[in-house]
Amino acid sequence: GLLAVTACRRQSEDAGYLREIARGRAEKDATFKNAADSPIPASRRGELLPLSYFPIDPDYSVAAILEVSEERLSVEMPTSTGQLRRMERIGALEFTLKGQPLKLAAFVEAGSTRLDRLFVPFSDLTSAAETYPAGRYLDLDRTGTGIYVIDFNRAYHPYCYYNPAYDCPYPPSENRLPLPIRAG
């Protein structure tokens, strides 16, 4: 019946999704291994590659609504090199994950006129224990609807995880999630 068709379609969508995420991970490994501008120093590639990931889990990809702030708040984010990075907080993404309502602030570089890509740094209960202590990042492409997909399977370590020469902003305290995000 209808349930079997729906279940079949869901499995097919999940299989395509799993292939897409796996392909993206393989491409990133190849780039980090071979590219002249790889963030991983040549001396550490044998140790750090291939990158380690959590298993791909479609349940970590959820819809989120961007609640845009009335005014863009200028924020100075401390970075891994002790600098301050000027960012603008443009709003908060509201979503539900594992039955828990959550919120993450979304940012753009200060002075950005184009809001086509949102920067969403976060930390969670895996930070320091299983992932980079300072947190991880998500980049979200702008949508015309205000509805985004937060896909933690696409979460990544900042480049300073591989090489201390990089200047990486630390996620603000409001973006500390009270659960482990075993994805990405």
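Above: the structure in question.
About the thresholds
Residues numbered from 1 in each chain as written. Predicted model: local features only at pLDDT ≥ 70, side-chain atom pairs only at ≥ 80, totals over all residues. Heavy atoms only, no water. Helix = DSSP H or I, 4+ residues; strand = E, 2+ residues; numbered from the N terminus. Buried < 20%, exposed > 50% of the residue type's maximum accessible area, 1.4 Å probe, protein only. Salt bridge = Lys/Arg side-chain N within 4 Å of Asp/Glu carboxyl O. Phe/Tyr/Trp six-rings, centres within 6.5 Å; stacked < 30°, edge-to-face > 60°. Lys NZ or Arg CZ within 6 Å of the ring centre and 35° of its normal. Core = buried A, V, L, I, M, F, W, Y, C linked by side-chain atoms within 4.5 Å. Contact = heavy atoms within 4.5 Å.

1. Regarding unusual backbone geometry
Working step 1: Of note, the bond from leucine 49 into proline 50 is cis; its omega dihedral lies within 30 degrees of zero at -5°.
Working step 2: In the Ramachandran plot, lysine 98 falls in the positive-phi region, its phi being about 55° despite a non-glycine side chain.
Working step 3: As for its position among the elements, lysine 98 is in the loop between strand 2 (84-97) and strand 3 (100-109).
Working step 4: What makes lysine 98 exposed here is its relative accessible area of 51%.

2. Thoughts on the pattern of salt bridges
Working step 1: Scanning all chains against the criterion turns up eleven salt bridges.
Working step 2: When the shortest N-O distance is used, the salt bridge between glutamate 47 and arginine 44 registers 3.1 Å.
Working step 3: A relative accessible area of 57% means that glutamate 47 is categorised as exposed.
Working step 4: A salt bridge links glutamate 109 to arginine 85, with the shortest nitrogen-to-oxygen separation between them at 3.6 Å. With glutamate 109 in strand 3 and arginine 85 in strand 2, this residue pair connects regions lying 24 residues apart in the sequence.
Working step 5: For glutamate 109, a relative accessible area of 40% gives the class partly exposed.
Working step 6: For arginine 85, a relative accessible area of 22% gives the class partly exposed.

3. Notes on the packing of aromatic side chains
Working step 1: Tallied over the entire structure, the rule returns nine aromatic pairs.
Working step 2: Measuring from centroid to centroid gives 5.2 Å for phenylalanine 122 and phenylalanine 152, while their planes differ by 75°, and the two rings are edge-to-face. Taken together, the residues span a long stretch of sequence, with phenylalanine 122 in strand 4 (residues 117-122) and phenylalanine 152 in the segment after strand 6 (147-151) at a distance of 30 residues. The same class applies to phenylalanine 122 and to phenylalanine 152, which are both buried.
Working step 3: Note on tyrosine 132 and tyrosine 161: the rings are 5.6 Å apart at their centroids and 75° apart in plane angle, and the pair reads as edge-to-face. One end of the pair, tyrosine 132, is in the loop between strand 4 and strand 5 (136-141); the other, tyrosine 161, is in the segment after strand 6, with 29 residues separating them in the sequence.
Working step 4: Since its relative accessible area comes to 33%, tyrosine 161 is described here as partly exposed.
Working step 5: Members of the aromatic cluster, connected to one another through ring pairs, are Phe32, Tyr132, Tyr159, Tyr161, Tyr162 and Tyr166.
Working step 6: In this structure, lysine 98 packs its charged tip against the face of tyrosine 60, placed 4.6 Å from the ring centre.

4. As for the nonpolar core
Considering soluble globular proteins, one finds that nonpolar side chains tend to be buried as a cluster.
Working step 1: One finds Leu93, Phe95, Leu97, Ile150, Phe152 and Ile181 to be the most contacted residues of the largest nonpolar core, which totals 25 residues.
Working step 2: Breaking this core down by element, the ones donating at least two residues are strand 1 (61-78), strand 2, strand 3, strand 4, strand 5 and strand 6.
Working step 3: Filtering out sequence-adjacent residues up to four positions away, isoleucine 181 remains in contact with Phe54, Tyr60, Leu97, Phe122, Asp124, Thr126, Arg136 and Phe152.
Working step 4: Core analysis: the second largest hydrophobic core is formed by ten residues, Met87, Ala105, Phe107 and Cys168 among them.

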